[in-house]
Amino acid sequence: MNQGLGSDSGSDGSAQVSSVPAGSVPYSLSLSARVSSPHPISRVESNCPLDPLNYLNTEKTQATVSLAAGSLMGDPVVMLSLYPEFPKDVMSSLTSHGEFLFVVDRSGSMGWPMHNGSGAQDRIGSARDTLLLLLKSLPMGCYFNIIGFGSSYKSFFPKSVEYSQKTMDEALQKVKGMSADMGVPLKSIAVEVSVQGHVATVSSTLQYENQEKSPLEAIFVFPLPGEAAVCRFSAKIGQTEVVAEVQEKQKAQEQYDDALSSGQQAFLLEESDESPDVFKLSVGSLPPGEKASVSLDYVTELAVQADDSLRLCLPAVLNPRYQPQGSDSGSDGSAQVSSVPAGSVPYSLSLSARVSSPHPISRVESNCPLDPLNYLNTEKTQATVSLAAGHQFDRDVELLLYYQDTHQPTAIVEAGQASAKPGSLMGDPVVMLSLYPEFPKDVMSSLTSHGEFLFVVDRSGSMEWPMHNGSGAQDRIGSARDTLLLLLKSLPMGCYFNIIGFGSSYKSFFPKSVEYSQKTMDEALQKVKGMSADMGGTEILQPLKHIYSQPCLPDQPRQLFLFTDGEVRNTKEVLDLVKTNAGSHRCFSFGIGEGASTALISGVAKQAGGHAQFITGQDRMQPKVMQSLRFALQPAVVDISVKWNVPKEVSVTPLSPPIRVLFQGQRALLYAQLTGESSGDTEGSVTVKYSLAEQPVENQLSFSLKPAEDTGLTVHRLGARTLIRSLEVEEREQDGEKEGVKEKVVELSVQSGVSSAFTAFIAVHKGDGEALQGQLLRRQVPTPNCDCSSSVGKVLDRDMKLSELDDRADQLKCAASEFDVGTNTPTSKPVRDPLLQLISLQKASGSWGLEAALAEVLGKTEEEVAKPKPAQVDHEVWATVLALVWLYGFKMEAQEEWQILAMKAASWIQAQKVASVSECVQAGNNLLGCQVQKDTLGL
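The structure displayed is predicted, hence computed values, not measured ones.

Reading the values: rules and limits
Residues numbered from 1 in each chain as written. Predicted model: local features only at pLDDT ≥ 70, side-chain atom pairs only at ≥ 80, totals over all residues. Heavy atoms only, no water. Helix = DSSP H or I, 4+ residues; strand = E, 2+ residues; numbered from the N terminus. Buried < 20%, exposed > 50% of the residue type's maximum accessible area, 1.4 Å probe, protein only. Contact = heavy atoms within 4.5 Å. Areas by Shrake-Rupley, 256 points an atom, 1.4 Å probe, with all protein chains shown as cover. Patch = residues over 30% accessible without salt bridge, like charges linked within 9 Å, V, L, I, M, F, W, Y side chains within 5 Å. Salt bridge = Lys/Arg side-chain N within 4 Å of Asp/Glu carboxyl O. Core = buried A, V, L, I, M, F, W, Y, C linked by side-chain atoms within 4.5 Å. Pairing = 2+ DSSP bridges. pLDDT = per-residue confidence, 0-100. Expected span 1.5 Å × (residues − 1). Arc of directions from axis to C-beta. Polar contact = N/O pair within 3.5 Å; in protein donor to acceptor, adjacent residues only side chain to side chain. Axes fitted to C-alpha atoms, helices over the stretch in contact; angles between N-to-C directions. Parallel < 35°, antiparallel > 145°, perpendicular 65-115°, else oblique. Left-handed = near helix turned anticlockwise from the far one by under 90°. Nonpolar A, V, L, I, M, F, W, Y, C, P; charged D, E, K, R; others polar.

1. Looking at the overall build of the protein chain
A tally of regular secondary structure across the protein chain gives 20 helices and 41 strands. Within the span of the protein chain, comprising 939 residues, buried residues form 53% of the whole. Partitioning the intrachain contacts of the protein chain with sequence separation of at least 6 by distance along the chain shows that 73% fall at a separation of at least 24. In the structure as shown, the protein chain presents an accessible area of about 41700 Å², 49% of it carried by carbon and sulfur atoms.

2. A few points about a nonpolar patch on the surface
A cluster of nonpolar side chains, contributed by Leu101, Val103, Phe149 and Tyr153, occupies part of the molecular surface with about 440 Å² of accessible area. Structurally, the position occupied by phenylalanine 149 is in strand β5 (residues 143–149). Among the residues examined, phenylalanine 149 registers a relative accessible area of 34% and is labelled partly exposed.

3. Details of the nonpolar core
Formed by 84 residues in total, the largest nonpolar core has its most connected members in Phe453 and Phe563. With 11 residues, helix α18 (residues 875–890) is the largest single contributor of residues to this core. Setting aside chain neighbours within four positions, we find phenylalanine 453 in contact with Leu491, Pro492, Cys495, Tyr496, Phe497, Asn498, Gln559, Phe561, Leu629, Ala632 and Leu633. One finds Leu186, Leu206, Tyr208 and Ala244 within the second-largest nonpolar core, a separate group that totals 55 residues.

4. Details of the sheet that holds strand β1 (residues 32–36)
Reading across the sheet, the three strands line up as β1-β3-β2 and stay open at both edges, with antiparallel pairing between neighbours. Edge positions in the sheet fall to β1 and β2 (54–55), since each of these pairs with one other strand and no more. Across five bridges, the pairing between β1 and strand β3 (residues 62–66) is antiparallel. In the sheet register, arginine 34 faces β3, and the bridge partner there is threonine 64.

5. With respect to the confidence of the model for the protein chain
Residues with a pLDDT of 70 or more make up 81% of the protein chain, whose mean pLDDT is 81. For the stretch residues 327–334, pLDDT sits under 50, and the model shows 16 contacts to residues farther than four places along the chain or on other chains. Here residues 788–831 is modelled with pLDDT under 50, and outside its nearest four sequence neighbours on either side it reaches 113 contacts, counting other chains as well.

6. With respect to helix α4 (residues 249–261)
Its 13 residues place the ends of α4 19 Å apart at the C-alpha level, agreeing with the 18 Å of an ideal helix rising 1.5 Å per residue. Among all positions of α4, only Lys249, Ala252, Tyr256, Ala259 and Leu260 are buried. In an axial view of α4, the angular spread of the buried residues amounts to 95 degrees, which keeps them on one side of the axis. In α4, the exposed positions angled more than 90 degrees off the buried face are occupied by Lys251 and Asp258. Looking at the buried positions of α4, the neighbouring elements they touch are β10 (216–223), β13 (245–248), β14 (265–271), β15 (278–286) and β39 (759–765). Measuring from the backbone nitrogen of glutamine 250 back to the side-chain oxygen at the start of α4 gives 3.2 Å, which picks out glutamate 248 as the cap. A positive backbone phi angle near 85 degrees is found at glycine 263, which sits one or two residues after α4.

7. Observations concerning the environment of proline 49
Looking at where proline 49 falls in the secondary structure, it is placed in the loop between β1 and β2. C-alpha of proline 49 to C-alpha of alanine 69: the two residues are 20 residues apart in sequence and 8.4 Å apart in space.

8. Structural notes on the sheet that holds strand β37 (residues 683–692)
An order of β34-β37-β38 is seen for the three strands of this open sheet, with the pairing classed as antiparallel. Taken across any chain shown, the strands that pair with only one partner, and hence form the sheet edges, are β34 (637–645) and β38 (695–704). Each strand of the sheet is rotated relative to its neighbour by a mean of 15 degrees, with strand direction disregarded.

9. Let's talk about the packing of helix α9 (residues 571–580) against helix α10 (residues 598–607)
Relative orientation of the contacting elements α9 and α10 amounts to 15 degrees, with a least axis distance of 9 Å. Overall, the two elements α9 and α10 adopt an arrangement that is roughly parallel. The chirality of how α9 crosses α10 is right-handed. Seen from α9, the contacting residues are Thr571, Val574, Leu575, Val578 and Lys579; seen from α10, they are Ala599, Leu600, Gly603, Val604 and Gln607. Looking at the contact of α9 with α10 residue by residue, the classes come out as six nonpolar, three polar and one charged.

The following block contains the structure:
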């Protein structure tokens, strides 16, 4: 349902609507009807399956009918069609008189498809087709008109016109261009990105035009990266530009309201109270026919990905956020979101990026079509790239930047603002350090066998949606199921684990974490197989509270893996809970699908000392999850300390919270304010010390104290953003009772020009406007909503479900069980990917059995596999060596996915103390036609 603009809906007394895809409604519907008529009932039809019509008398004037059991909630209306009989002589003549008025809804929701099936036409398209048919069917001599309505309304003709060839053609031409776009004053968004190394400055310009007959206010709620620092906001009306200033939020809101009341134009940009990755832009008192452009800038760090690329995400999709029951979210401070299907967004998007790096730029990739990369110099350290025209808003725009020799420790010292007071954050130099710790290889080659692994999986209705809008897309819950299977096959013997599904409620596979073994793995796999998106809303808070209430196991460090599409409104409440319990666990979070909240996914990992990953578009979840599992299995880094070494005349004020976690190959960022000047030394350094596997480790990075040339205060703003976020968390922890924290945030935000939860950007254009008479028209600008529920098909080939592969593997073993547990249900699903089939065959110990299913993966018969086995070697050892040789010989491109499995298998072989491993490896090479060395296998 759309909320009328300017209405009181959404206040405390309103009804809050929670929705899930139609196929995931967790309750049933039954319907029975009794029909009585003075005339015989010919038949009863419906758009839903019906039980047979039951006549109650011989005259057929009474009957009963019922909705068939098991009907889905995909069609919200059960339609019964009754057929009365009228006199034929009356019905054979049609009138040629009448005024026919066709009133057509043209609001944003008319861009949605007619139904959830494949190939569904959108509602406005169906209305267009129907109008064409109606116009062709009208009788000569009648009168007609067509009125479209949305936030406003407009007629095809000033008044009804007589039907003729001329008026029909004119109307048909207008029908052809009719779309679900009424009342949207935003016309285009142009984005310019400037990347310097691993930091990006993003400038967005939004073009507005009031095409209505009254002044209006446009409200636009949209997503930004959760880690972004919004640092500039301006508006241009005609040739006049008004630059906004940062003020305390309530004061800015009052100034905005006062400006509108006095007939002035005002522009307000504010962060949502619930989540720092959602902003609300208000463009007020735009006169009829007036145009205005609004510009906002933000700076952000680029996240390091599993393949060493740097990820820049421009969020375009803002899915509705679930509001938990009893939550304070959704009160007056919340941002009300208006959304339409991605393909029906009534404004355009263009994006161009300029990339500069001290290292050559290898390539730039994206989940959206790009124009070719254009290098600006022969060293390939500068390049430009643009988004291809015609972006459909069906996904977030993601750029992956690949540099040569990229991940080197770096330091940037940025000069303070000349006009700012010395000794203040903006007046002093600020240093940004990028650290890439290198851990000893002997330590990193071993993985721990301890740990309590808790896999927390979103099972809300939105997890039923497909991963992307392309053909053959797997649904999100299916992708999560497959990934759980891979994780369960990869856990080390001796650890403990549990799986918790959550929606409106939560439930665990086991009452408490169980020790990992063949038996518990099989039991978990059987339950994973039946896991679906059937648990209602997205209540993340309650399962986390349950987990934190459970005592940690001795000598088993708790590792939490959170899988969710991240569409919640109480983000800050969740982050505060995680931070409070940060000392008891590490959290690795995964945002699934388009529109996942960056503030939630990245924030949870940051607060709990883990790592965040986003799986969007055609991304495969498995490599990203396995990278996080490798992090979780690495020995924990403890006793981290940071020491700054600078001349005595210079003092250091850290802006970043203390480093709590370090991972091999992952960047750690530090910001600090440098006060004072040195008369002699021009160099400083920072030393990071920590303990890894009971070994002391030390990393040092030197840097010049001489500030770099003008960098646009990017480093200062990122440092200010880091400090502001820390202070905001502190203020929430104290529940506002600690004096001075909120005031300090406001002061820092105003001084640095960086947005916060307690401030807003306000710009007022003081023209000659008259005091506003009556109510200003309010127009909601819709955000693309990635409702992918109409997508059909499942992923085959490389993305074939692991569950299907286990079906096939067990069929070959004649056990006919899906995950190595007996169900006596044979299947005949085709095997598409030998790699995933091989993974499905591995035992919990890390070994493989010598069986027909393994032979099929290797492309051999059972006899061909068994014959070359060295005589003194056990069947299981031989099978495991063959599996390893095959992996290293044929599947190196997917090593990220099976590396832990292989290490587990190699450890198992070594534990068997086999004397003839070299002979086994050579025999395996001969059989499979490979040349893999024993050392390569980890043996």
